[in-house]
Amino acid sequence: MKDVKIQVNDLSLYYGEKKALKEISMQVPANKVTALIGPSGCGKSTFLRCINRMNDLIPSVSITGQMLVEGVDIYDKNVDVVNIRKKIGMVFQKSNPFPKSIYENVIYGSRINGITDKRELDEIVETSLRQAAIWDELKDRLGDSALGLSGGQQQRLCIARTLAVNPDIILMDEPASALDPISTSKIEELVHELKEKYTILIVTHNMQQAARVSDHTAFFYMGELIEMGKTDAIFTKPAKKQTEDYITGRFG
Amino acid sequence: MTHFEIELDKLKNVIQKIGALAENQVNESVKALLSESVAEGKEVKKVESKIDKLDVKIDEICQRIFALQQPVASDLRFIMASLQISNEMERIGDLAISIIKKNKSIKEKHDLIAKFDIATIAREVEVVMVKTNECFLTRDSEVISSVFPLNYAIKAKVDEVIGAIINEMKTNSKVVVSGTNLVLVLKHLERISEHCSNIAEYVYFMVHAKIIKHEKFEDK
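Residues numbered from 1 in each chain as written. Chains lettered and ligands numbered in written order. Predicted model: local features only at pLDDT ≥ 70, side-chain atom pairs only at ≥ 80, totals over all residues. Heavy atoms only, no water.

Here's the deal with the overall build of chain B
Link 1 in the chain: The secondary structure content of chain B amounts to 7 helices and 0 strands.
Link 2 in the chain: Reading the helices (α) and strands (β) of chain B from amino to carboxyl end gives α-α-α-α-α-α-α.
Link 3 in the chain: Taking 17 Å as the expected radius of gyration for a compact globule of 220 residues, we find that chain B reaches 19 Å, a close match to that expectation.
Link 4 in the chain: Each principal axis of the C-alpha atoms in chain B carries an extent, and together these give about 65 × 40 × 20 Å.
Link 5 in the chain: For chain B, with 220 residues in total, the buried portion stands at 48%.
Link 6 in the chain: Contacts in chain B between residues far apart in sequence, at least 24 positions, make up 82% of those at least 6 positions apart.
Link 7 in the chain: Counting only carbon and sulfur atoms, one obtains 54% of the accessible surface of chain B, whose full area is about 10700 Å².
Link 8 in the chain: Within chain B, one finds 32 positive and 34 negative side-chain charges whose respective centroids are separated by 4 Å. (Helix = DSSP H or I, 4+ residues; strand = E, 2+ residues; numbered from the N terminus. Rg over C-alpha atoms; globule rule 2.2 N^0.38 Å. Buried < 20%, exposed > 50% of the residue type's maximum accessible area, 1.4 Å probe, protein only. Contact = heavy atoms within 4.5 Å. Areas by Shrake-Rupley, 256 points an atom, 1.4 Å probe, with all protein chains shown as cover. Lys, Arg positive; Asp, Glu negative; His and termini not counted. Charge placed at Lys NZ, Arg CZ, Asp CG, Glu CD.)

Notes on the packing of aromatic side chains
All names here are of chain A.
Link 1 in the chain: All told, the structure shown has 4 aromatic pairs over all chains when counted by the stated rule.
Link 2 in the chain: A ring pair is formed by Phe98 and Tyr108, whose centres lie 4.4 Å apart and whose planes are at 45°; its orientation type is tilted. Linking Phe98 in the loop between β6 (88-91) and α3 (102-112) with Tyr108 in helix α3, this pair joins segments that are 10 residues apart in sequence.
Link 3 in the chain: By relative accessible area, which is 26% here, Phe98 ends up partly exposed.
Link 4 in the chain: With relative accessibility at 35%, the residue Tyr108 sits in the partly exposed group.
Link 5 in the chain: Both rings, one in Phe219 and one in Tyr246, keep their centres 5.0 Å apart while their planes meet at 20°; by these two values the pair is stacked. You can see Phe219 sitting in strand β9 (residues 216-221) and its partner Tyr246 sitting in helix α10 (residues 241-247), a full 27 residues away along the chain. (Phe/Tyr/Trp six-rings, centres within 6.5 Å; stacked < 30°, edge-to-face > 60°.)

Things to note about the nonpolar core
Link 1 in the chain: If you look at the biggest cluster of nonpolar residues, it comprises 61 residues, and the most contacted ones within it are B:Leu11, B:Ile85, B:Ile92, B:Leu186 and B:Leu189.
Link 2 in the chain: Elements supplying a minimum of two residues to this core: α1 (3-34), α2 (42-69), α3 (73-104), α4 (109-115), α5 (118-138), α6 (141-171) and α7 (176-208) of chain B.
Link 3 in the chain: For this core, the leading source of residues is α7(B), giving 12 residues.
Link 4 in the chain: Not counting residues within four places of it along the chain, the set of residues in contact with B:Ile92 comprises B:Ala22, B:Val26, B:Met129, B:Ile192, B:His195, B:Cys196 and B:Ile199.
Link 5 in the chain: Grouped together as the second largest cluster of nonpolar side chains are 46 residues, A:Ala35, A:Ala160, A:Phe235 and A:Ile247 included. (Core = buried A, V, L, I, M, F, W, Y, C linked by side-chain atoms within 4.5 Å.)

Quick word on the sheet that holds strand β4 (residues 61-69) of chain A
Residue and element names in this part refer to chain A.
Link 1 in the chain: Taking strand neighbours across the sheet as the criterion, the 4 strands line up as β2-β1-β4-β5 in an open arrangement whose pairing is antiparallel. With one partner strand each, in any of the chains shown, β2 (18-29) and β5 (72-73) form the two edges of the open sheet.
Link 2 in the chain: Strand direction decides the pairing type here: β4 and β5, joined by 2 bridges, are antiparallel. Bridging from a neighbouring strand, Val69 pairs with Val72 of β5.
Link 3 in the chain: With respect to the sheet, helix α1 (residues 44-51) is in contact with β1 (4-15), β2 and β4, its orientation differing from that of β1 by roughly 120°. (Pairing = 2+ DSSP bridges. Axes fitted to C-alpha atoms, helices over the stretch in contact; angles between N-to-C directions.)

A closer look at the pairing of strand β10 (residues 224-230) of chain A
Residues and elements named next belong to chain A.
Link 1 in the chain: Bridge count between β9 and β10: 6 bridges; the pairing is antiparallel. Pairing of Phe219 across the sheet is with Glu227, part of β10.
Link 2 in the chain: Hairpin remark: β9 followed by β10, antiparallel, with 2 residues in the connecting loop; positive phi at Met222, about 45°.

Side note on the interface of chain A and chain B
Link 1 in the chain: Contact with chain A, which involves 9 residues of that partner, is made by 10 residues of chain B.
Link 2 in the chain: Applying the counting rule to chain A against chain B returns 2 salt bridges.
Link 3 in the chain: Its salt-bridge partner being B:Asp75, residue A:Arg250 comes within 2.8 Å of it at the nearest N-O pair.
Link 4 in the chain: The tally of links from chain A across to chain B stands at 6 residue pairs in polar contact (both at pLDDT 80 or more).
Link 5 in the chain: Of all the secondary structure elements, the ones that give two or more residues to the side of chain A that touches chain B are α9 (231-236) and α10 of chain A.
Link 6 in the chain: Considered class by class, the residues forming the side of chain A that touches chain B number 3 nonpolar, 3 polar and 3 charged. (Salt bridge = Lys/Arg side-chain N within 4 Å of Asp/Glu carboxyl O. Polar contact = N/O pair within 3.5 Å; in protein donor to acceptor, adjacent residues only side chain to side chain. Nonpolar A, V, L, I, M, F, W, Y, C, P; charged D, E, K, R; others polar.)

Quick notes on the environment of A:Lys197
Residue and element names in this part refer to chain A.
Link 1 in the chain: You can see Lys197 is positioned in the loop between α7 (181-194) and β8 (199-203).
Link 2 in the chain: Its relative accessible area of 54% is what places Lys197 among the exposed residues.
Link 3 in the chain: Here the alpha-carbon distance between Lys197 and Ala20, two residues 177 residues apart in the chain, equals 32 Å.
Link 4 in the chain: Once residues within four sequence positions are removed from consideration, Lys197 is found in contact with Asn31 and Gln131.

As structure tokens, then:
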């Protein structure tokens, strides 16, 4: 695989005694969309959260193995976790705008990073909202509260907020599962456009969504990576029977 | 059984049914070809209309499954193959009817049929038809693979016999009309065998996830 963005070597994760991820090894290609699929509790979201060290916030978690982002082991002692999360943005299932204006939501990260120049901040807002395909809808109401937006708009605002700090990688944890079909389709279209600039990993329960938006698909089951391959191959002729059973709905 | 599995099962049953009817048509056409009398073919026409109805029904079931179930992997291949198989079966039925129609106009045919051993080719076509239905039913790799050499042998034999019939027509102008019709019947038999081979290719795709149509016989 050329241009590997993330290299995972024998990564295991424990919640206390319980092994939730079992020796995961995979390569995530740059500027592609990789979908993580599998039944509830299979470890796909846990794995996603390993990529920007979100699991650090859970006290009982311990991790072995390597997670190399552009060749750097992000679990190395000398690595600054704040820098990692700047480079690796995250979008969650439930949109979580701050109770502030649309404008302030987008530039929240930039302000923390010390940017104060009004013109620069204006530019960040416009660029980020354009990239999130929501500029035309919001440009005349940037001062309005973000909480007044629809669910789909809120989610795209959250994506804009993620893009505003200029990450390399975007992690999406079921970003469209609470949205109507039109908003879902807008998010999916956006994912297609964003992969030109970013490497995207998306966790989804919606198999058709994984098939539509991703270039590669990884199937997790009970903490193991069962199979990873090009999405068209996974959905037409998966190599493993477990994958076939899962995607055809005959699991268990 | 889930609702989806019931739908797939229904589709499988209808494919088996259209396959059995197409096989019946082939048998009837061979019987007519080899018998002394000119068959009326009323029964065959009734069956033909049943085949047409099943062909439409298969389209409808597949359309419904695509729209409502979004099939993937082996399910997707099964439905794609079903659409093609149904189409091939319908054409086999049409060719069988054409043989019966042509049969009526082959005067002195029994001399020619006996002389050129048309019965052997016709029986081989019946065998390839049976094997074709069997390969869909069993999905057995050996049965699937057995269809291709049978079809290949039929094609070779048809070419040879057509050459001999043409030579006969060159020397005996009395047999030109029946000889020409017999050549057409042989081409129909060859087409039936070719459709059977196509069906075996779709079953191969269904089972092995590999498209082998248009591949050379030796590569199959």
